[in-house]
Amino acid sequence: MTTQGHVLRVPDFLATLTTEAVVHHLDLTPELSDAPPPGPTAVRIAVSTMDGLLSDDAVRPAGWDDQEFLLKATGRIPLTDRDRVELGEAAGWFPLLG
């Protein structure tokens, strides 16, 4: 499969679509107070995708839950000064996905 000039294997393409769906689901939930969160399997795939976009030397701050990680990794919420300190050089890579 070709996407934006890149060739993706089917599992990677499905992970990309899942990540996009989870992020857009999170975009909608603040406006829908009774909305259920995205499914845990889909969230794990999205988190794994974002982890894969980080350098092998970078680790997300331990205090971030999965939702916070996804929102910060996509630029939906900004990094705090503390986040920048904890991430070090990796803070410059955020958002990981726009």
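Coordinates for the structure precede this section.
Described in the following lines is the structure provided in the data block. All of these numbers come straight from a predicted model, not from anything done at the bench.

Cis geometry is found at the peptide bond from Phe94 to Pro95, where omega equals 0°. Position of Pro95 among the secondary structure elements: in the segment after helix H4 (81–87).

A word on the packing of aromatic side chains. Enumeration according to the criterion identifies two aromatic pairs in this entry. Between Trp64 and Phe94 the ring centres are 6.0 Å apart and the planes differ by 80°, which places this aromatic pair in the edge-to-face class. Here Trp64 is found in the loop between helix H2 (40–53) and helix H3 (66–73), whereas its partner Phe94 is found in the segment after H4, with 30 residues between them in sequence. In this structure, Trp64 and Phe94 share a single accessibility class: buried. Through pairs of rings, three or more aromatic residues link up here, namely Trp64, Phe69 and Phe94.

Moving on: the side chain of Asp83. Following the sequence through the fold, Asp83 ends up in helix H4. Residue class for Asp83 comes out buried when judged on its relative accessible area of 5%.

To continue, consider the pattern of salt bridges. For the structure shown, the criterion picks out six salt bridges. Residues Asp27 and Arg76 are paired through a salt bridge, measuring 2.9 Å at the closest nitrogen-oxygen approach. Pair noted here: Asp27 is in helix H1 (residues 10–28) and Arg76 is in the loop between H3 and H4, with a separation of 49 residues, a long-range link. Taking the relative accessible area as the measure of exposure, Asp27 reaches 31% and is therefore partly exposed. Across the salt bridge formed by Asp83 and Lys72, the nearest N and O atoms sit 2.4 Å from each other. With Asp83 in helix H4 and Lys72 in helix H3, the pair connects residues that are eleven residues apart, well separated along the chain. Taking the relative accessible area as the measure of exposure, Lys72 reaches 5% and is therefore buried.

Criteria and cut-off values
Residues numbered from 1 in each chain as written. Predicted model: local features only at pLDDT ≥ 70, side-chain atom pairs only at ≥ 80, totals over all residues. Heavy atoms only, no water. Helix = DSSP H or I, 4+ residues; strand = E, 2+ residues; numbered from the N terminus. Phe/Tyr/Trp six-rings, centres within 6.5 Å; stacked < 30°, edge-to-face > 60°. Buried < 20%, exposed > 50% of the residue type's maximum accessible area, 1.4 Å probe, protein only. Salt bridge = Lys/Arg side-chain N within 4 Å of Asp/Glu carboxyl O.

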